[in-house]
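One-letter residues, chain by chain:
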Amino acid sequence: MAHAVISCLHANHAALEAVLADIDQQGIDTITCLGDLVGYGPQPNEVVELIRQRAIPTCQGCWDEDIIEGLNACDCSYPSQLAERRGHLAHQWTADQLSEENKDFLANLPMSLRRDRLLFVHGSPNSQHEYLLPNMDAFAALERVETAEADTLFCGHTHHPYVRELRDGSIRVRVQEGVASGGPSEEREINLPVRRIINAGSVGEPRHGNTNATYVIHDEQTGTVEIREVAYDVERTCRAIVESGLPAIFAWRLRHGFEYAERADDASHVCER
Amino acid sequence: MARWALISGLRGDLEAYEAIQEDLRHTRRVDTLFVLGDVIGPARNCDALLSRLQQPRRGELRPQCLYGWWEDQLLAERGYRGGRRADALRLSQGETAVDALLQAVDPGHMGWLAELQFGFIELDCALLHGSSATVEDSLGPDSSPLLLLDRLTRMEVNRLFTARSGQQFSIELTGGGIESQVRDLEGQRHQQQSVPKRQVIGIGAGVHYTIYDPGTDRFDFLAAGSRSQERARGFA
Amino acid sequence: MSQTLLISGPPGCGKTSWILKRVQAHRGPCGYLRLAGYPDEGLAQAPDGGIDLAYLQDQCPRLLDLADLDQALAPRPEHLLALIELPQFQPPTESGLGGVDRRVIPQLEALHLKPDEHLHFGRDTALPRQDTLDFSSLQAWERNLAGSVWDPASLSSFWFELVNGAYGDVYRAKALMNLPDGRAFFCNWMVSQEGSQFLPLQALAPPDGRPERLSRLVVQGKGLDPAAIEVTLADCLLSQALPHSFPSA
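Residues numbered from 1 in each chain as written. Chains lettered and ligands numbered in written order. Predicted model: local features only at pLDDT ≥ 70, side-chain atom pairs only at ≥ 80, totals over all residues.

1. Observations regarding the overall build of chain C
Argument step 1. Helix and strand counts for chain C stand at 6 helices and 10 strands.
Argument step 2. Expected size for 249 residues packed as a compact globule is a radius of gyration near 18 Å; at 19 Å, chain C falls within 12% of this value.
Argument step 3. Dimensions of chain C, computed from C-alpha atoms along their principal axes, come out at roughly 55 × 40 × 30 Å.
Argument step 4. In chain C, buried positions account for 39% of the 249 residues.
Argument step 5. In chain C, of all internal contacts separated by at least 6 residues, the share reaching a separation of at least 24 is 78%. (Helix = DSSP H or I, 4+ residues; strand = E, 2+ residues; numbered from the N terminus. Rg over C-alpha atoms; globule rule 2.2 N^0.38 Å. Buried ≥ 20, exposed ≤ 12 C-beta atoms within 10 Å, placed from the backbone. Contact = placed C-beta atoms within 7 Å.)

See the structure below:
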């Protein structure tokens, strides 16, 4: 059965409508959403309501959490003072706009969703704020999937869609218990299982070099994954940004395919909050 | 190069600490003493040990301390960890243990405890109570090598010294690798990665401690009062 | 023998870079004067605010400031190479010294300067060939940044937005910017050239302070949006109360 996975909508209604239309057109009726419904974009209520109306199972993203909990992200999740100030401004604006009912919906989203050996999270199984980038250390990536007891891990947060397969892994170790250097030791080798990480990209805030929305379709029977790119009416969202009173620079960045705030340089950084 | 002594899990036991200091006085070339947490515990009053760590006696090595799982629980319960309380302790050992922990430490020590760090990086070694993931991460000889490799990678170090399990052990990663294939909108990339030569060392707890020589990468697992054994191996 | 050269050309053609090379190659003393230039029809000359002189003096600490009247009246050192920079959009109507804009002559005379040679970018082959743009109308905007310190990562984002058109169609941007570690950078961008120059000054200010040395941003282009630039600047400059280095992670 083919199912679609979407992530990082960022209050971009035009992009969400276009992606849902693309999914409908292919006759796919199972959709999972990996969170970040709001943040930066101009239509937080419209986007949350569309997800609720379509009853799309959704896990909580870092923006969804922060809107409810107050600014939870630590300073270190912003790469610059400029990005932080813009992030705080977008946070305040979104918190003011969201209806109580929609805030309640975001507050009650689960951290992860599981279907058999498929696990759905926003950032990583450890944290909504952790980035699983396509080039991260392969063993560390495998550890995330394995510790979470999944075969395939679906994530978002990086806004960069990809499919990563980790296979033919092994680790040899020499173990010494209670004896010093040079004492008797035991050698062991473990073979690592094959695991996959599928990043759904971003519907509302692309970071792959152009303005198209991205999402993925996964076929459980065949194991195939298709990364879909969908063009949408970017200008409609840009107009809404300016009309809503959000900074015009957000519209400029979206129009040119740049994320609203640059991502942190050290994407593997996890705050010790 | 000078050697390090690594201790943990004293849980208020001043006698054990004095026995280790006595050992170190007779051990050559040890100039740094790292205390990897759990200096407090609920089983006895910890004030005397805490005072001693803050005010070492003449001739004693001055300890460099981290917080451990027990300090973290106490700090949480006393409101030093935001909204979090000593929930892990409460869940595993009940309300009595939480009360006992509160009784075991005079509030006057909280300022010093709150200043303790999560870990030290020395040369290419990480010194931690649990692991780079959390203070409660209990690494031992049976831990999954994949998990160990992840914990080493997070700190980008070659050796990780841990204390949480209380065991003395060493696990060396000696070989292996993994294939990774990434497909994105730009195309497909293949990557072969080898297991780096790295090591996790459990330093022990209480009177069981570890001496490490960064110059030769040799370590010794010791128990306070067993100096004669060490001399027999030609260290002293 | 002393020599006095007048170098003219449109914004961003490379006048200051060429002058720096000449100064560095000259064994004897050198002096420098930057004239303001004159607005052409619909073309505003960007006020330089001393950026070029400050950058050149940083690179060549012994460079004489020929605008200094005391120096103008003092006897000139032997073998002085005097370089006069003049922003000028249109090529001169006559070749050689005959093409010098008459309006600058009284100012040069007051400073006891008489050019021996006039070179214009795009006309004289002694100068490197540059993609000199045809400017049809040009706005200029400048902002004094003295005492301001940038969050380095924010500076990089702002500059990216500025030169890529987020605040209007920028043809030329030039600045001296202070960083929290005491360094300052000469930032330079021209639409016809690939990439920006970010050149550190030799002189350091004490870290964690508010350096009072010259710091300024000059922008030339069309449809500039100074209000939007100001909003971004306010988010990029470190606060008065607490100059600090922003965590890089």
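2. Notes on the overall build of chain A
Argument step 1. When you go through chain A residue by residue, the secondary structure sums to 8 helices and 10 strands.
Argument step 2. Relative to a compact globule of 273 residues, whose C-alpha radius of gyration would be 19 Å, chain A shows 20 Å and is just as compact.
Argument step 3. Considered along the principal axes of its C-alpha atoms, chain A spans approximately 75 × 45 × 35 Å.
Argument step 4. Sorting the 273 residues of chain A into buried and exposed places 51% on the buried side.
Argument step 5. In chain A, the share of contacts with a sequence separation of at least 24, taken over all contacts with a separation of at least 6, comes to 75%.

3. Examining the pairing of strand 10 (residues 208-213) of chain B
For a regular strand, side-chain orientation follows a simple rule: the groups alternate between the two sheet faces.
Residue and element names in this part refer to chain B.
Argument step 1. Burial within strand 10 is extensive, with 5 of its 6 residues counted as buried.
Argument step 2. Summarising the sheet, strand 1 (residues 3-7) and strand 10 pair through 3 bridges and their orientation is antiparallel. Bridge pairing in strand 10 links Ala-5 to Ile-211. (Pairing = 2+ DSSP bridges.)

4. Quick word on the sheet that holds strand 1 (residues 3-9) of chain C
Backbone hydrogen bonds hold the strands of a sheet together, and the pairing may be parallel or antiparallel.
All names here are of chain C.
Argument step 1. Pairing within the open sheet is parallel, and its 5 strands lie in the order 3-2-4-1-5. This sheet does not close on itself; its edge strands, each paired only once, are strand 3 (64-65) and strand 5 (117-120).
Argument step 2. Alignment of strand 1 against strand 4 (residues 81-87), held across 7 bridges, turns out to be parallel. In the sheet register, Leu-6 faces strand 4, and the bridge partner there is Ile-84.

5. Re unusual backbone geometry
Glycine aside, a negative phi is what most residues show, and trans is what most peptide bonds show.
Residue and element names in this part refer to chain B.
Argument step 1. Unlike most non-glycine residues, Asp-38 shows phi in positive territory, near 55°.
Argument step 2. Its place among the elements puts Asp-38 in the loop between strand 2 (30-35) and helix 2 (47-54).
Argument step 3. At Leu-123, a residue that is not glycine, the phi angle is positive and equals roughly 50°.
Argument step 4. Counting through the fold element by element, Leu-123 comes out in the loop between strand 4 (119-122) and strand 5 (125-128).
Argument step 5. Exposure remark for Leu-123: the 11 C-beta atoms within 10 Å place this residue in the exposed category.

6. Details of the packing of helix 3 (residues 69-77) of chain B against helix 4 (residues 87-104) of chain B
All names here are of chain B.
Argument step 1. At a closest axis distance of 11 Å, the pairing of helix 3 and helix 4 adopts a crossing angle of 75°. When the interaxial angle is binned, helix 3 and helix 4 end up roughly perpendicular. Mapping the contact onto sequence places Trp-70, Gln-73, Leu-74 and Glu-77 in helix 3 and Ala-88, Leu-89, Val-98, Leu-101 and Leu-102 in helix 4.
Argument step 2. Classifying every residue of the contact of helix 3 with helix 4 by side-chain character gives 7 nonpolar, 1 polar and 1 charged. (Axes fitted to C-alpha atoms, helices over the stretch in contact; angles between N-to-C directions. Parallel < 35°, antiparallel > 145°, perpendicular 65-115°, else oblique. Nonpolar A, V, L, I, M, F, W, Y, C, P; charged D, E, K, R; others polar.)

7. A closer look at helix 4 (residues 81-97) of chain A
Argument step 1. If you check helix 4 of chain A, its first and last C-alpha atoms are 24 Å apart, about what 17 residues at 1.5 Å a residue would give, namely 24 Å.
Argument step 2. All of the buried residues along helix 4 of chain A are Gln-81, Leu-82, Ala-83, Glu-84, Arg-86, Gly-87, Ala-90 and Thr-94 of chain A.
Argument step 3. Looking at the buried side of helix 4 of chain A, the elements it contacts are helix 2 (44-53) and helix 3 (62-69) of chain A together with helix 5 (152-163) and helix 6 (226-236) of chain C. (Expected span 1.5 Å × (residues − 1).)

8. Here's the deal with the confidence of the model for chain C
Caution applies to low-pLDDT regions: their predicted coordinates should not be interpreted in detail.
Residue and element names in this part refer to chain C.
Argument step 1. Taken over all residues, the pLDDT of chain C has a mean of 85, while the share at 70 or more is 93%.
Argument step 2. Ranking the helices and strands of chain C by mean pLDDT puts helix 6 first, with 94, and helix 3 (residues 69-73) last, with 77.
Argument step 3. In the model, residues 241-249 has pLDDT below 50 throughout and makes 21 contacts with residues more than four positions away in sequence or in other chains.
Argument step 4. Interface predicted TM-score (ipTM) for the complex: 0.90; the corresponding pTM is 0.79. (pLDDT = per-residue confidence, 0-100.)

9. Quick notes on the domain arrangement of chain C
Residue and element names in this part refer to chain C.
Argument step 1. Considered domain by domain, chain C is made up of domain 1 (3-120) and domain 2 (140-236).
Argument step 2. Taking only C-alpha atoms, the centre of domain 1 and the centre of domain 2 are 24 Å apart.
Argument step 3. For the side of domain 1 that touches domain 2, the per-class residue count stands at 7 nonpolar, 5 polar and 2 charged. (Domains from an automatic or database assignment.)

10. Comments concerning the nonpolar core
Argument step 1. By size, the foremost hydrophobic cluster in this structure holds 188 residues, and its most contacted members are Leu-6 and Leu-36 of chain B.
Argument step 2. Counting contributing residues per domain, this core is built from domain 1 (3-120) and domain 2 (140-236) of chain C, each supplying no fewer than three.
Argument step 3. Beyond its immediate chain neighbours, meaning those up to four positions away, Leu-36 of chain B contacts Leu-6, Ser-8, Leu-66, Gly-68, Leu-127, Leu-128, His-129, Phe-161, Ala-163 and Ile-203 of chain B. (Core = buried A, V, L, I, M, F, W, Y, C linked by C-beta atoms within 7 Å.)

11. Things to note about the interface of chain A and chain B
Argument step 1. Taken together, the contacts link 37 residues of chain A with 33 residues of chain B.
Argument step 2. Put simply, the parts of the chain that give the side of chain A that touches chain B at least two residues each are helix 6 (138-147), strand 6 (162-177), strand 7 (186-192) and strand 10 (225-230) of chain A.
Argument step 3. At 16 residues, strand 6 of chain A tops the list of elements feeding residues into the side of chain A that touches chain B.
Argument step 4. Of the residues that constitute the side of chain A that touches chain B, the class distribution is 17 nonpolar, 8 polar and 12 charged.

12. A word on the sheet that holds strand 10 (residues 216-222) of chain C
Residue and element names in this part refer to chain C.
Argument step 1. Overall, antiparallel pairing links the 5 strands, which are arranged 6-10-7-8-9 in an open sheet. The open sheet has two edge strands with one neighbour each: strand 6 (139-144) and strand 9 (197-200). For this sheet, the mean inter-axis angle between neighbouring strands, taken without regard to orientation, is 10°.
Argument step 2. Of the strand pairs in this sheet, strand 8 (residues 184-190) and strand 9 are connected by 4 bridges, and their pairing is antiparallel. Its bridge partner being in strand 9, Cys-187 is matched across the sheet by Phe-198.
Argument step 3. Across the sheet, helix 2 (residues 51-59) lies against strand 7 (169-178), strand 8 and strand 10, angled at about 50° from strand 7, the strand it touches most.

13. Some thoughts on the environment of Asp-104 of chain A
Argument step 1. Along the chain, Asp-104 of chain A turns up in helix 5 (residues 100-107).
Argument step 2. With 36 residues separating them along the chain, Asp-104 of chain A and Ile-68 of chain A place their C-alpha atoms 8.1 Å apart.

14. A few points about the confidence of the model for chain A
Argument step 1. In this model, chain A carries a mean pLDDT of 90, and residues with pLDDT of at least 70 account for 93%.
Argument step 2. Counting interchain partners and residues more than four positions distant, the pLDDT-below-50 stretch residues 264-273 of chain A has 24 contacts.

15. Brief notes about the packing of helix 4 of chain A against helix 6 of chain C
Argument step 1. Taken N-terminus to C-terminus, the directions of helix 4 of chain A and helix 6 of chain C make an angle of 110°; their axes are 7 Å apart at the nearest point. Taken together, the axes of helix 4 of chain A and helix 6 of chain C lie roughly perpendicular to each other. Two secondary-structure elements touch here, helix 4 of chain A through Gln-81, Leu-82, Arg-85 and Arg-86 of chain A and helix 6 of chain C through Thr-232, Asp-235 and Cys-236 of chain C.
Argument step 2. Here the contact of helix 4 of chain A with helix 6 of chain C is built from residues that sort into 2 nonpolar, 2 polar and 3 charged.

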